[in-house]
Amino acid sequence: MAAQQAADSRGSREEIVIVDLESDEAAVDVDVPATMQRQDSLYMAATRAADANHHGQDSWAKTLRLAFQCVGILYGDIGTSPLFVYSSTFRDGVAHPDDLLGALSLIIYSFLLFTVIKYVYIALRANDDGDGGTFALYTLISRHAKVSLIPNQQVEDELVSKYNRDKPPATLQRAEWMKELLETNKTVKISLFLITMLATAMVISDAILTPAISVLSAVGGLKEKASFLTTDEIVWITVGILVVLFAIQRFGTDKVGYLFAPIILLWLLLIAGVGLYNLIKYDTGALRAFNMKYIIDYFRRNKKKGWVSLGGILLCFTGTEALFADLGYFSIKSIQLSFGFGLVPSVLLAYIGQAAYLRVHPEDVAHTFYRSTPISLFWPTFILALAASIIGSQAMISCAFATISHSQTLGCFPRVKILHTSRQYSGQLYIPEVNYLLCLGACLVTIGFRTTVIIGEAHGVCVVLVMIVTTLLLTIVMLLVWKISIWWIIAFFVVFMSSESIYLSAILYRFAHGAYVPVAMSAFLMVVMIVWHYVHVKKYNFELEHSVPRDKVKELLECRDIQRVPGIGLFYTELVQGIPPVFCHLIEKIPSIHSVLIFVSMKHLPIPSVDMSERFLFRQVDREYYKVFQCVARYGYRDPFEEAKDFVDKLVEHLQYYIRDVNLYGVGCEPMMKQSSSYRSSRAESFNSHEKPKVKAVYAEEMLTPAESFSEHARQASGKSKRFAQFQGDKMNIVEMLKIQQEQQAVLEEMSKGVVYIFGESEVVATPHSSLIKKIAVNYIYSFLRKNSRNGEKMLSIPRRQILKVGISYEI
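Residues numbered from 1 in each chain as written. Predicted model: local features only at pLDDT ≥ 70, side-chain atom pairs only at ≥ 80, totals over all residues. Heavy atoms only, no water.

(A) Spatial organisation of the environment of Gln 656. In this structure, Gln 656 sits in helix H25 (residues 644–665). Taking relative accessible area as the criterion, Gln 656 reaches 12% and is therefore assigned buried. Here the alpha-carbon distance between Gln 656 and Val 747, two residues 91 residues apart in the chain, equals 8.1 Å. Excluding anything up to four places from it in sequence, Gln 656 contacts Gln 744, Val 747 and Leu 748. (Helix = DSSP H or I, 4+ residues; strand = E, 2+ residues; numbered from the N terminus. Buried < 20%, exposed > 50% of the residue type's maximum accessible area, 1.4 Å probe, protein only. Contact = heavy atoms within 4.5 Å.)

This is the structure in structure tokens:
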């Protein structure tokens, strides 16, 4: 059987083909497109959303406004690096006057190479629908290759309007080779996951070190006016400011965010003006540092000492990861505009001016920033330095919150409470538990190390390792997604990987002097994330292997004396395929189910957000008598969960659409939901062919739900298509409409009787014959993390009186 229906949407015709693979006539009567796709319950709405997703270019007025705003959000960390770069580079003083020119030359070209070329002009273009950072690169890769370790991918996910996945042309064998390597080689897949977790752990560690070094550097300037202050007093003043900084995180940046841009702009103008003043007053010869020969002379003269000093030079490009991760609020053009005409000249002038000052006063290298500032500008400089340090720290803390939130959606981080501090910007988050730990870590680092030099060495490890991971992920994006010339890819990888490795070797040379701190913190975080994800994957695979087919569920319900309980039961499960084994456990112990039972799976897609019209997928288990359904609620990694009542209202609303469509078309009935293996094999073969434009093949045996009701489109088209009118006359008779209305009304009546949320509380333990390491990881580490993290009902804000928990034990 084959049916075709044409829809008029924005002046174009899009053909939908519904094919039953059990009929041999399909191959004869229908020209099946090479690329086969399934559809979700609101397929036509999804295609409309995709068309609406193409925006025109921003006006110059909007670009300039965004350029001004991003100064305050993105440049606080990078803009405060002049506070401590020279003091960290020349720990033992300046041995030769030309060493300052060599160091300045390294600063200039390192800043231009890594910050400007790599991040602003390359990495920003590898954003995931506006989101940046290493996590966004990983999700971008996962949309083009199945690299997720959790086997919950569905073909329907590719039809979400923001998925934007283009099939690589057959002529580009590199993209196909990379895709096959990522999907079939488990070692590569696990390695990709591990380096992403390493970068995630380093970003979180950096959120501890950035506030410590930035605020301590700013507060250290007090000694210039209050020489009686001891180091201990400076440290405790810094700790007090850090406590206040972390305490105000709960209010979010939305309340004071409008002040950030003017403060950072004044700061950049100030350091640029002071730098220009020092250049003119002390030594205009500092401009000779643009000659790269001074770099060669610097290493020839200092040899090993010059190589080790790279650990201080690299601090000039700290904050680049926060810049990349927070780009979602701004356009690429606005960042490039403000960066090129605002940050770059200001910061470079500051470094050049400091070098000019030190050429005359090399003895002041340990206190370069404040000693090079004119006395009359000390207090304005001190106040702005402190404010800029706090703002820069704020950006890094927000980056850590966003990173943890994203990791949690992948099942890589224990459940924590995530609060959205802004109704306007979904990315502004606050995580209370993490905030306390970051505050404690920053205070302990400040008290323990006491100087910016040692903290700078620890800070540098985080910066370089994250940059190396970004280079690796960008290379994969170039091969898999961008599909650019192989020579450009090789040049990018060789230049950045080699230079970043040199910086890493320099900072690791002084491992025992402070670099061990972020490594230890990151190792601890990686153990937490890896163990959590490992057990999460094992648990999912166990439930998948022991899942109950829909036919078995119907037999189970029919062969037992099942009692019906009024109301709707929402049975939460992580499975998107099949029924979880805990359901059979529940029926065996308590032989009763609700009048309407819905198995709900909360699933996160590797995209920032999912439109509400595309959120729910349904499949019926038994609609006629027991009214049992499956539902997959899909979210992006930036989408917050709704309140329980709002979620139920939206779910029931879309269930009404599903009931309507099933009655109208009959798709979704059992005969049409078989032979999934034949569909998958057909679809696998189709990857090697090109898709015919504007033709969608819908295989009814695999559809979770039918397409959005043609009757709704007919009402919208209002006479534009005779075929819609014919469809309405043939299908929408009074009897069928009454049947639909009765089923929908029955669901609404049960909803009015109450909703119960059913959770499977599964205790996971290692099998008796498991290795000692596995037993420790599962029975102790995971058990501890699970007991001290938030439960699912708390994450979904479900009232306690409506919760029913079913306990079961799994051996993995």
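(B) Up close: helix H3 (residues 60–74). For H3, which comprises 15 residues, the first-to-last C-alpha distance of 20 Å matches the rise-based estimate of 21 Å (1.5 Å per residue) to within 8%. Every buried residue belonging to H3 is among Thr 63, Leu 66, Ala 67, Cys 70, Val 71, Gly 72 and Leu 74, and all of these are buried. (Expected span 1.5 Å × (residues − 1).)

(C) Region of the structure containing the nonpolar core. With 161 residues, the main nonpolar core has Tyr 75, Phe 111, Trp 267, Phe 339 and Leu 438 as its most contacted residues. Broken down by element, the residue count for this core peaks at 19 residues, all from helix H20 (residues 452–482). What Tyr 75 contacts, discounting residues up to four positions off in sequence, is Cys 70, Ile 264, Leu 323, Ile 335, Ser 338, Phe 339 and Leu 343. Core analysis: the second largest hydrophobic core is formed by 34 residues, Val 535, Leu 557, Phe 571 and Tyr 810 among them. (Core = buried A, V, L, I, M, F, W, Y, C linked by side-chain atoms within 4.5 Å.)

(D) Representation of unusual backbone geometry in the model. The phi dihedral of Lys 303 is positive, around 50°, even though this residue is not glycine. For Lys 303, the position within the fold is in the loop between helix H12 (293–302) and helix H13 (304–308). Even without being glycine, Lys 483 reaches a positive phi, approximately 55°. By the secondary structure assignment, Lys 483 is in the loop between H20 and helix H21 (486–509).

(E) Up close: the packing of helix H9 (residues 186–219) against helix H19 (residues 432–449). For the pair H9 and H19, the least separation of the axes is 8 Å and the interaxial angle reads 50°. Comparing the axis directions of H9 and H19 gives the class oblique. As for the relative orientation of H9 and H19, their crossing is right-handed in sense. From H9, Ile 204, Ala 207, Ile 208, Leu 209 and Ala 212 reach across to H19, where they touch Leu 438, Gly 441, Ala 442, Val 445 and Thr 446. Residues of the contact of H9 with H19, tallied by class, amount to eight nonpolar, two polar and no charged. (Axes fitted to C-alpha atoms, helices over the stretch in contact; angles between N-to-C directions. Parallel < 35°, antiparallel > 145°, perpendicular 65-115°, else oblique. Left-handed = near helix turned anticlockwise from the far one by under 90°. Nonpolar A, V, L, I, M, F, W, Y, C, P; charged D, E, K, R; others polar.)

(F) Highlighting the pairing of strand E7 (residues 616–622). Counting buried residues along E7, seven of its seven residues qualify, which places the element largely inside the surrounding structure. The sheet contact formed by E7 and strand E8 (residues 628–635) spans six bridges and is antiparallel. Considered in E8, the bridge of Asp 622 is made with Val 628. (Pairing = 2+ DSSP bridges.)

(G) Representation of the environment of Leu 104 within the structure. Looking at where Leu 104 falls in the secondary structure, it is placed in helix H6 (residues 97–120). Considering only alpha carbons, one finds Leu 104 and Phe 290, 186 residues apart in sequence, at a separation of 8.4 Å. Once you skip the residues sitting within four places of it in the chain, Leu 104 turns out to touch Tyr 86, Ala 286, Ala 289, Tyr 351, Ile 352 and Ala 355.

(H) Molecular detail of the pattern of salt bridges. Taken as a whole and assessed by the stated rule, the structure comprises 19 salt bridges. The residue Glu 457 makes a salt bridge to Arg 510 at a minimum N-O spacing of 2.5 Å. With a gap of 53 residues between them, Glu 457 in helix H20 and Arg 510 in the loop between H21 and helix H22 (516–545) connect regions that are remote in the sequence. Residue classification places Arg 510 among the partly exposed positions, given a relative accessible area of 21%. One salt bridge connects Lys 645 with Asp 649, and the closest N-O pair in it is separated by 3.2 Å. With Lys 645 and Asp 649 both in helix H25, this residue pair falls four residues apart, about one helical turn. Residue Lys 645 is classed as exposed on the basis of its relative accessible area, which comes to 59%. When its relative accessible area of 30% is taken as the criterion, Asp 649 is described as partly exposed. (Salt bridge = Lys/Arg side-chain N within 4 Å of Asp/Glu carboxyl O.)

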